[in-house]
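Secondary and tertiary structure notes
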Amino acid sequence: MTVCAACGAENREAARFCDACGATLAEAPPVREQRKTVTVLFCDVTGSTALGEQLDPESLRRVLARYFETARDAVERHGGTVEKFIGDAVMAVFGVPVVHEDDALRGVRAAAEIRDALERLNTELERDFGTTLSIRIGVTTGEVVTGTVERLATGDAVNVAARLEQAAEPGEILLGGETVRLLRDAVGVEAVEPLTLRGKRAAVPAFRLVSVDTASPPRRLDAKIVGRERELRLLGDAWERVRTERSCHLFTVMGTAGVGKSRLVLELLGSLSEGRVVRGRCLPYGEGITYWPVVEVLKQLPDPESFSLDSRARGALDSVLGDEQATASTDEIAWAVRKLLEAAAASEPVVCVFDDVHWGEQTFLDLVEHVADLSRDAPILLLCMARPDLLDRRPGWAGGKLNATTVLLEPLSAQETDALIDQLLGGADVDEELRARIRERAEGNPLFVEEMLGMLRDSPNEQIDVPPTIQALLAARIDQLDPAERGVLERGSVEGRTFHVGAVQALAPDEAELPARLTALVRKELVRPDRARIAGDDAFRFRHLLIRDAAYDSLPKTTRAELHEQFAGWLEEHGTELVELDEILGYHLEQAYRYRAALGPLSTSDLRLGTRAGRRLAEAGHRALARNDTGAAVQMLERAVALPSGGPIDVQLHLALASALMGAGRPLDAVDVARRTAVAARDAGDRVGELAAGLEAANLASSVDPTVTAEELLARVAAARPELEAHADDAALAVAARAEMWAWNALAQYSRAADAAARLIAHARRAGDTRQETAGRTWLAVAECYGPTPVLDALRTLEAEPELDRVIPYRANVRATILAALGRFDEARALGQEEWRRFDELGHKLGRAILACNLGAIERLAGDWEAARASLQVGCDELDAMGEQGFLSTFVVYLGQALYELGDLDEAHACALKGRTIGAADDIITQMSWRQLQAKVLARRGEHDEAIRLAREAVSVGEPTDAVESYADAIRDLAEVLALAGRPAEAADEFRSALALYESKGNVVLSLRARQRLEALGAA
Ligand SMILES: Nc1ncnc2c1ncn2[C@@H]1O[C@H](COP(=O)(O)OP(=O)(O)OP(=O)(O)O)[C@@H](O)[C@H]1O
Ligand SMILES: [Mg+2]
């Protein structure tokens, strides 16, 4: 017996073509393991022990044989496979040998049929043996492994089905949750007490079957149609021609499942103002399906009697309609159906609709073509809907006919999809991100959109997953492919949505006809040619990501692991030109490793595989971090550290992760990673690593924890340095220099910070760490900007190499700040905004927040206080949300200054207090500026003594620093406070000191402002 791979029908051993569907019968492919979602049915006789006592063993055997036969018949009629008889139990699997999209429905129908058939059997048993049987049934759906030698299906679903069966009352059918979810309206059910299963924590939901529809679960088809104008026009034109020319036209609407064929046709039918519409549908399986659609149509046409049809034709039609007396050949039947349609069309044009023609038997397809070819002088529109599989079975469908049109329905566009989502939501709100995800995943398939939204409605809090109905649809499509084509698809799926022919060949070395297979897959609308990313190779792309996933999901994990590893091998050889080679290789090696880890004990070669994966990901992560792409860096570095290192702990890798986390706006996680690394290094006896990680942890902590002071950082650096120098470990020394640099920066000792930055650069260069090197160069520029270096000198340095702005983070921002000091605000804003965008695009949250604050600082200089407030507010909120405090403590006071200038003293005061609370004791700029701000607020409120005291305190805090401009700011604010206290002479003195400092720094804007204040005081 040969099983057809396309439809699952059984054929004679010698058959070359399938009797049921006409597909070429391939040589029986070797059984291979596969993962699939199947529906499992368990049926058992209750009270069989009692029966055994009652009946003679021979009679018992015969009774049970009758029952088995009944069950087997029902199962096979619905395309299931009987697995085995365990005692009195029957186990059947729907989805073996091939998956159908309606396996769940088939399983439930078979269950209902077994129950019905048993009633009939019982009458016979009663008569023949004086006994009856009662049975109980359990049906559920789930993922299993098939194709193993031992049994048909292995997996949880099998146990659950058995358990459901045991829990059922005699005569009852219990369904599992997954089956009910798939069938929805097609079954009537009542929930029963959930079952507890050994070894399962959660109870398993169970439902009693009350009724089952014979039709497939209905589609809604009620949403207003979106798009499809062109197709409707073509259909309308064809109809027009049929009517005016009184001719027959065969119109085929072709398209993948759910793309909207039935909906389109419904739209046309709704718009017709005349004509008789008759419709039939092909069924996926079942007895007497050949003429099923024809019978439906015949029943909708007027009685043949009324047309004075030839008696031969009437006889043929009767035979189709089930009159056992009448017999007719297929040719006669086709001829008779044509005659009848022609007769009906004589009085009124006819639209004869056939849906799901891809399931049609060859004889039926012949009939349709016969009508199209031979009908004369009769306005008949033959309107067929089919999935592309039709062309597999009937490559020449409608070919060569002048009176035939075929349109392929393409997916909806993104806008159309959006319109459909809106419509289906009917005004209900949906999160923008969620909508985007649905739009993306559905890729223009309206059915997918509907199902995903439906799923969301049923369980609003769940992730948008692939709905089980869609999964079944796609899995069936792939499972029913010719095994060789399926193999190609599966191998392609390992590479991803787009795959290279060379890779598939490498993964399937025995496949001799790859090009032909790919052509077939293109014709089946599963893949399409795509641009190859590897020179000299060809590429294809899955039409839909979900198809790729379905193909991939059917592979056993063992095979996935092997294929990922083999693919990595192929890519190492052929993909050397790829920019993201490390990312891609890392991914595939990682997948191979993960599957092996999930499957069981890891061998040493598996561990080596994991290490290789980790190295690649680490490489890629370091590179992403170096270009400040912190999102990607975190993602890759986190995966890299999770893989076996193959040796001692890689401290620098962990510290890179910490750094990436910091940039990505997760400072607490960053500190945590650094701290754990220090501990792990210590446990591993890596003293240098322990010191470096400890320093980095303290450094990072200083930005989230005000109790970690700069003094402490400096002390730690001083303590660690001799040991690090003894080891001459430049990577660790760079970490130390960086901590030191931060500390001096906090202390507003910019010359010293610059020295530390220079040390950082030197160590980083020697360690080959470009990321640390650029960090050093950033801070060198910062130190020039805020330290004693005159503004123009600093600008000259920066402008000498403007291209470095793209390489060194924050450099453009420093330049913007300097330009603002010179009064060149437009240039400053443009530069600042550009860099903001750069960080934004990279997902560098910390950088983005800092840049927003700095744009506010630029507006401060420009005197646009409202703009300053707005930018600072945005930046501070972002810093606050990520738990950052080091930058926030300073910027929140700047925000307060803007509020102060805008006249909101209360809010300004609150900002000053916040800066005071979260600012580290030795974060000098914060310590100065909150005092300045509070002093001014107090002065406005008339509390002059306290105001002056605080303002003086701010000045003395700034005194030991070389932060020329900030120090000048403190003096200027003291002057303001004195002026408000009515002490103009003292105020003028202070303004003069501030002015001198501003001039030494070359800050044109603040110099001018100080001078104006002096003049105003003089005038007073
Ligand atoms: N253009 C459209 N506008 C609005 N809704 C649509 C559109 N196309 C399809 N739909 C909806 O999407 C669902 C699937 O469409 P339909 O049943 O027509 O697909 P199909 O191509 O006939 O699929 P199958 O091959 O499974 O029969 C239906 O509920 C239908 O109402
Ligand atoms: Mg349809």
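Rules used in this analysis
- Residues numbered from 1 in each chain as written.
- Chains lettered and ligands numbered in written order.
- Predicted model: local features only at pLDDT ≥ 70, side-chain atom pairs only at ≥ 80, totals over all residues.
- Heavy atoms only, no water.
- Pairing = 2+ DSSP bridges.
- Helix = DSSP H or I, 4+ residues; strand = E, 2+ residues; numbered from the N terminus.
- Axes fitted to C-alpha atoms, helices over the stretch in contact; angles between N-to-C directions.
- Contact = heavy atoms within 4.5 Å.
- Expected span 1.5 Å × (residues − 1).
- Buried < 20%, exposed > 50% of the residue type's maximum accessible area, 1.4 Å probe, protein only.
- Core = buried A, V, L, I, M, F, W, Y, C linked by side-chain atoms within 4.5 Å.
- Polar contact = N/O pair within 3.5 Å; in protein donor to acceptor, adjacent residues only side chain to side chain.
- Disulfide = S-S within 2.5 Å.
- Phe/Tyr/Trp six-rings, centres within 6.5 Å; stacked < 30°, edge-to-face > 60°.
- Lys NZ or Arg CZ within 6 Å of the ring centre and 35° of its normal.
- 1 Å grid on protein atoms, 1.4 Å probe; cavity = no way out; pocket = protein on both sides within 12 Å on 5 of 7 lines; lining within 4 Å.
- Points joined across faces, edges and corners; volume = space filled by probe spheres on them.
- Parallel < 35°, antiparallel > 145°, perpendicular 65-115°, else oblique.
- Left-handed = near helix turned anticlockwise from the far one by under 90°.
- Nonpolar A, V, L, I, M, F, W, Y, C, P; charged D, E, K, R; others polar.
- Near = heavy atom within 4 Å.
- Areas by Shrake-Rupley, 256 points an atom, 1.4 Å probe, with all protein chains shown as cover.
- Right-handed = clockwise from strand over helix to strand, strands pointing away.

1. Topic: the sheet that holds strand E18 (residues 539-542)
With antiparallel pairing, the three strands of this open sheet are ordered in space as E16-E18-E17. Two strands lie at the open edges of the sheet, namely strand E16 (498-500) and strand E17 (527-530), each paired on one side alone. When strand polarity is set aside, the average angle formed by the axes of neighbouring strands in this sheet is 35°. As judged from the four bridges shared by E17 and E18, these two strands associate in the antiparallel manner. By the bridge assignment, arginine 528 is partnered in E18 with arginine 541. Packing of helix H19 (residues 514-523) onto the sheet brings it into contact with E16, E17 and E18, and relative to E17 it is tilted by some 115°.

2. Some details on helix H10 (residues 330-347)
Taking 1.5 Å of rise per residue, 18 residues should cover 26 Å, and H10 covers 27 Å from first to last C-alpha, within 8% of that figure. Every buried residue of H10 is listed here: Ile333, Ala334, Trp335, Ala336, Val337, Arg338, Leu340, Leu341, Glu342, Ala343, Ala344 and Ala345. Buried residues belonging to H10 abut helix H8 (292-300), helix H9 (311-320), strand E13 (350-355), helix H11 (362-374) and strand E14 (380-386).

3. A look at the nonpolar core
Counting residues in each nonpolar core, the largest one holds 165 residues, and the members touching the most others are Leu571, Leu637, Leu724 and Ile818. It is helix H29 (residues 730-746) that provides the largest number of residues to this core, a total of 10 residues. The contacts of leucine 724, once residues within four sequence positions are left out, are Val688, Leu691, Leu695, Asp729, Ala732, Leu733 and Ala736. Counting 45 residues, the second largest nonpolar core, distinct from the first, contains Phe307, Leu309, Val357 and Val371.

4. Here's the deal with the side chain of arginine 543
Assignment of secondary structure puts arginine 543 in the loop between E18 and helix H20 (545-553). A polar contact is formed between the side chain of arginine 543 and the side chain of glutamate 410, at a distance of 3.4 Å. Contacts of arginine 543, omitting those with residues within four sequence positions, involve Glu410, Glu443, Arg497, Glu525, Leu526, Val527 and Arg528.

5. Let's talk about the state of the cysteines
A full pass over the atoms with the stated rule returns zero disulfides. Left unpaired, cysteine 282 is separated from the closest cysteine sulfur, that of cysteine 384, by 8.1 Å. With no disulfide of its own, cysteine 352 has cysteine 384 as its nearest cysteine by sulfur position, at a separation of 7.7 Å.

6. Focus: the packing of aromatic side chains
Taken as a whole and assessed by the stated rule, the structure comprises 11 aromatic pairs. Through successive ring pairs, a cluster of aromatic residues spans Trp742, Trp779, Phe887, Phe891 and Tyr894. One cation-aromatic arrangement involves arginine 312 over tryptophan 335; the distance from NZ or CZ to the ring centre is 4.3 Å. Sitting above the plane of the tyrosine 552 ring, arginine 548 keeps its charged end 4.4 Å from the centroid.

7. Here's the deal with the sheet that holds strand E12 (residues 276-281)
Read across the open sheet, the five strands follow the order E12-E13-E14-E11-E15; overall the sheet is parallel. Taken across any chain shown, the strands that pair with only one partner, and hence form the sheet edges, are E12 and strand E15 (404-408). Each strand axis lies, on average, 15° off the axis of its neighbour in the sheet, ignoring direction. As judged from the five bridges shared by strand E11 (residues 248-254) and E15, these two strands associate in the parallel manner. Within E15, the residue paired with threonine 252 across the bridge is threonine 406. Relative to the sheet, helix H6 (residues 229-245) contacts E11, E13, E14 and E15, its axis offset from that of E11 by approximately 165°. The strands touched by H8 are E12 and E13; relative to E12, the strand with the most contacts, the crossing angle is about 155°.

8. Observations regarding empty space enclosed by the protein
Tallying each qualifying case throughout the model produces one cavity of 30 Å³ or more. In this structure, the largest cavity occupies an estimated 40 Å³ of space. Contributing to the lining of the largest cavity are Val297, Val337, Leu341, Cys352, Phe354, Leu367, Val368, Val371 and Leu382. Of all the secondary-structure elements, those providing two or more residues to the lining of the largest cavity are H10, E13 and H11.

9. What about the packing of helix H40 (residues 944-958) against helix H41 (residues 964-980)?
Between H40 and H41, the shortest axis-to-axis distance is 9 Å and the interhelical angle comes to 165°. For the element pair H40 / H41, the angle class is roughly antiparallel. The handedness of the crossing between H40 and H41 is left-handed. Residues His944, Ala947, Ile948, Ala951, Arg952, Ala954, Val955 and Gly958 of H40 touch H41, and the partners they reach there are Tyr967, Ala970, Ile971, Leu974, Val977, Leu978 and Leu980. Counted by class, the contact of H40 with H41 contains 12 nonpolar, two polar and one charged residues.

10. Details of the site of ligand 1
Around ligand 1 sit 21 residues in total, of which Arg219, Gly258, Lys261, Arg263 and Glu450 are the nearest. Within the side chain of lysine 261, a nitrogen or oxygen atom sits 2.6 Å from an oxygen atom of ligand 1. Between glutamate 450 and ligand 1, the recorded distance is 2.7 Å, taken from a side-chain N or O atom to an oxygen atom. For ligand 1, the accessible surface in isolation is 620 Å², of which the surrounding protein chains cover 98%.

11. A word on the pairing of E14
Within E14, seven of the seven residues are buried, which leaves it mostly tucked inside the rest of the structure. Along E14, one buried face is formed by Ile380, Leu382, Cys384 and Ala386 and the opposite face, lined by Leu381, Leu383 and Met385, is buried too. Strand direction decides the pairing type here: E11 and E14, joined by seven bridges, are parallel. Residue pairing in the sheet places threonine 252 in a bridge with cysteine 384 of E14. In this fold, the crossover linking E13 to E14 by way of H11 has right-handed handedness.

Read these as geometric descriptors, not functional statements.
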